[in-house]
Amino acid sequence: MSDLLQITDLNVEYPLGDGRRVHAVTDVTLSIKSGETLGLVGESGSGKSSLARALLQLPPPQRGSVLFDGQDLTKLRGQALRAIRPRLQMIFQDPIASLNPRRKVSEIVSEPLVVTGVGDPAERTKRVRAVLEAVGLDPDSVWNRRPHEFSGGQCQRIAIARALVLEPVMIVCDEPVSALDVSIRAQILNLLEDMKARFGLTLLFIAHDLAVVKSVSDRVAVMYLGKLCEVSESNALFAKPAHPYTAALLAAIPEPDPDVPLGDTKMKPGDPPSPLAPPSGCRFRTRCPHAVERCASEVPALRAIAPGRAVACHFPLT
Ligand code: ADP
Ligand code: MG
């Protein structure tokens, strides 16, 4: 499989106006193959949404390149960027807030077609009906209703329909189930899996919880305070975490596999450091149970430790 998306040295910073900057994403290099699902995990504030928005140039990153199907999106502006958008879609955490409350479902889902000038009204109606059916909604009964008449799970179905209607090749899913009731989560995860298989999609699937990405991801990337800690084929990562932070996240899953050797996985107590002034060397060192002097003086590069596995740690666990 070839790379559909290749992110290189991506940096997202937010200047605060007083000379300080939030280092939200720092030197992230990551690729996603055509047809795969890459899970991206990290605790709240680690930079996942900043990374996701930077991919879509909403807004463009401060530094780095984003090759999508061979084209560097960071170099595109205006019409050239709009021409790519239909192929790269995004769905968000809060499905109700992401839908315009004044519009009917039929208008919400057909809007991307209208904006990009696809088809005539009859053709658009046909496509909207087909995509609503694909996400498990009955077109006749939802057509004239508005978002507030639906549950969170149904709103996420509408948001997924809206993302699918332009027939994208890739969807960035930013915590698509985090705001939903636990009982609804599996339904939406299954729907995304079905849509992926049916339409041959590539997914970047973001979550703050490793347990959620486990069932859907081919590979998993773990992010801490704006940097990647570990990128690995999913089964290997869950069987043997290589980065101490991955091990700590795994140990936090309510029922960890008793056969997985996690060693000393306790993070040091205290809040994560501020992204305004990240720690020197390894950013995780202030909470890492294994940190030594070298971890403060030398930034660990993300390096391959086995086929399909990379870790940014001077002393990986495996
Ligand atoms: P995540 O999605 O992993 O929770 P975010 O990408 O939303 O993380 O945020 C990463 C860091 O950037 C956080 O410290 C957050 O407070 C900060 N941040 C996000 N958006 C902005 C913004 N528009 N202005 C300033 N800081 C921001
Ligand atoms: Mg987020």
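Everything here concerns the structure above.
Here the structure is a predicted model, which is why all the values come from computation and not from measurement. (Residues numbered from 1 in each chain as written. Chains lettered and ligands numbered in written order. Predicted model: local features only at pLDDT ≥ 70, side-chain atom pairs only at ≥ 80, totals over all residues. Heavy atoms only, no water.)

Peer 1: Explain the overall build of the protein here, please?
Peer 2: Counting its secondary structure elements, the protein contains 11 helices and 12 strands. The C-alpha radius of gyration computed for the protein amounts to 20 Å, which stays within 12% of the reference 20 Å derived for 318 residues, consistent with globular compactness. C-alpha extents for the protein along the principal axes are approximately 65 × 45 × 40 Å. Per-residue burial for the protein yields a buried fraction of 48% across its 318 residues. In the protein, the share of contacts with a sequence separation of at least 24, taken over all contacts with a separation of at least 6, comes to 62%. In the form shown here, the protein has an accessible surface area of approximately 14600 Å², with 52% of it arising from carbon and sulfur atoms. Averaging the coordinates of the 37 positive side-chain charges in the protein and doing the same for the 35 negative ones gives two points 5 Å apart. (Helix = DSSP H or I, 4+ residues; strand = E, 2+ residues; numbered from the N terminus. Rg over C-alpha atoms; globule rule 2.2 N^0.38 Å. Buried < 20%, exposed > 50% of the residue type's maximum accessible area, 1.4 Å probe, protein only. Contact = heavy atoms within 4.5 Å. Areas by Shrake-Rupley, 256 points an atom, 1.4 Å probe, with all protein chains shown as cover. Lys, Arg positive; Asp, Glu negative; His and termini not counted. Charge placed at Lys NZ, Arg CZ, Asp CG, Glu CD.)

Peer 1: Looking at this structure, how should I read the site of ligand 1?
Peer 2: Looking at ligand 1, there are 13 residues lining it, with G45, G47, K48, S49 and S50 nearest. Residue S46 places a main-chain N or O atom 3.2 Å away from an oxygen atom belonging to ligand 1. Taken by itself ligand 1 offers 560 Å² of open surface, and the protein chains cover 65% of this. For the shell around ligand 1, the secondary structure elements donating two or more residues are β2 (21–33) and α1 (48–55). It is α1 that contributes the most residues to the shell around ligand 1, four residues altogether. (Near = heavy atom within 4 Å. Polar contact = N/O pair within 3.5 Å; in protein donor to acceptor, adjacent residues only side chain to side chain.)

Peer 1: Can you help me understand the nonpolar core in this one?
Peer 2: General note: in soluble globular proteins, nonpolar side chains tend to be found buried as a group. In this structure, V109, I160, F205 and L210 are the most contacted members of the largest nonpolar core, which totals 56 residues. Ranked by the residues each element gives to this core, the list is headed by helix α6 (residues 152–164), at seven residues. Contact partners of F205, with chain neighbours within four places excluded, come to T37, L38, G39, L40, C173, P176, L189, L192, V212, V213 and V216. Of all hydrophobic cores here, the second largest spans 34 residues; its members include V12, L40, L55 and I206. (Core = buried A, V, L, I, M, F, W, Y, C linked by side-chain atoms within 4.5 Å.)

Peer 1: How should I be thinking about the sheet that holds strand β6 (residues 88–91) in this particular structure?
Peer 2: Strand pairing in a sheet relies on backbone hydrogen bonds, with the paired strands running either antiparallel or parallel. What the eight strands build is an open sheet, ordered β6-β7-β8-β3-β9-β10-β12-β11; its pairing is mixed. Only two strands of the sheet have a single partner each, and these edge strands are β6 and β11 (303–306). Going across the sheet, the axis of each strand differs from the next one's by a mean of 20 degrees, ignoring polarity. Here strand β3 (residues 37–41) runs beside strand β8 (residues 202–207); their pairing, made up of five bridges, is parallel. Paired with T37 across the two strands is L203, which belongs to β8. Those strands touched by α1 are β3, β6, β7 (170–174), β8 and β9 (219–224), and its axis lies near 155 degrees from that of β8. Contacting β9 and β10 (227–233), helix α10 (residues 244–251) crosses the sheet at an angle of about 105 degrees to β9. (Pairing = 2+ DSSP bridges. Axes fitted to C-alpha atoms, helices over the stretch in contact; angles between N-to-C directions.)

Peer 1: When you look at α1 in this model, what are you seeing that I'm missing?
Peer 2: Along an α-helix, residues three or four apart share an orientation, since each turn contains 3.6 residues. In terms of burial, α1 is largely enclosed, as six of its eight residues are buried. Along α1, the positions that sit buried rather than exposed are K48, S50, L51, A52, A54 and L55. In the segment just after α1, Q57 is the residue with positive phi, at about 65 degrees.

Peer 1: Explanation requested: the sheet that holds strand β5 (residues 71–72) in the structure shown.
Peer 2: The strand order across the open sheet built from four strands is β2-β1-β4-β5, with neighbouring strands paired in antiparallel fashion. Single-partner strands in this sheet number two, and they are β2 and β5. Relative to β5, strand β4 (residues 63–68) is paired through two bridges, and the arrangement is antiparallel. Bridge pairing in β5 places L67 opposite D72. Packing of α1 onto the sheet brings it into contact with β1 (3–15), β2 and β4, and relative to β1 it is tilted by some 120 degrees.

Peer 1: Where do I start with helix α4 (residues 121–134) in this structure?
Peer 2: A rise of 1.5 Å per residue sets the reference length of α4, with its 14 residues, at 20 Å; its end C-alpha atoms lie 20 Å apart and thus fit the reference within 8%. Summarising the contacts, the buried residues of α4 are in contact with α3 (105–115), α5 (139–142), α6 and α7 (182–199). Looking at the residues trailing α4, positive phi occurs at G136, about 85 degrees. (Expected span 1.5 Å × (residues − 1).)

Peer 1: What should I look at first to understand the pattern of salt bridges in this one?
Peer 2: Where charged atoms from two side chains of opposite charge come close, those side chains can pair. Across all of its chains, the model carries 15 salt bridges by this definition. In this structure, the salt-bridge partner of R21 is E13, at a minimum N-O distance of 2.6 Å. Residue E13 is classed as buried on the basis of its relative accessible area, which comes to 10%. Of the charged contacts in the structure, one is a salt bridge between E13 and R63, with a shortest N-O distance of 3.8 Å. Residue E13 is found in strand β1, and its partner R63 is found in strand β4; the two are separated by 50 residues along the sequence. (Salt bridge = Lys/Arg side-chain N within 4 Å of Asp/Glu carboxyl O.)

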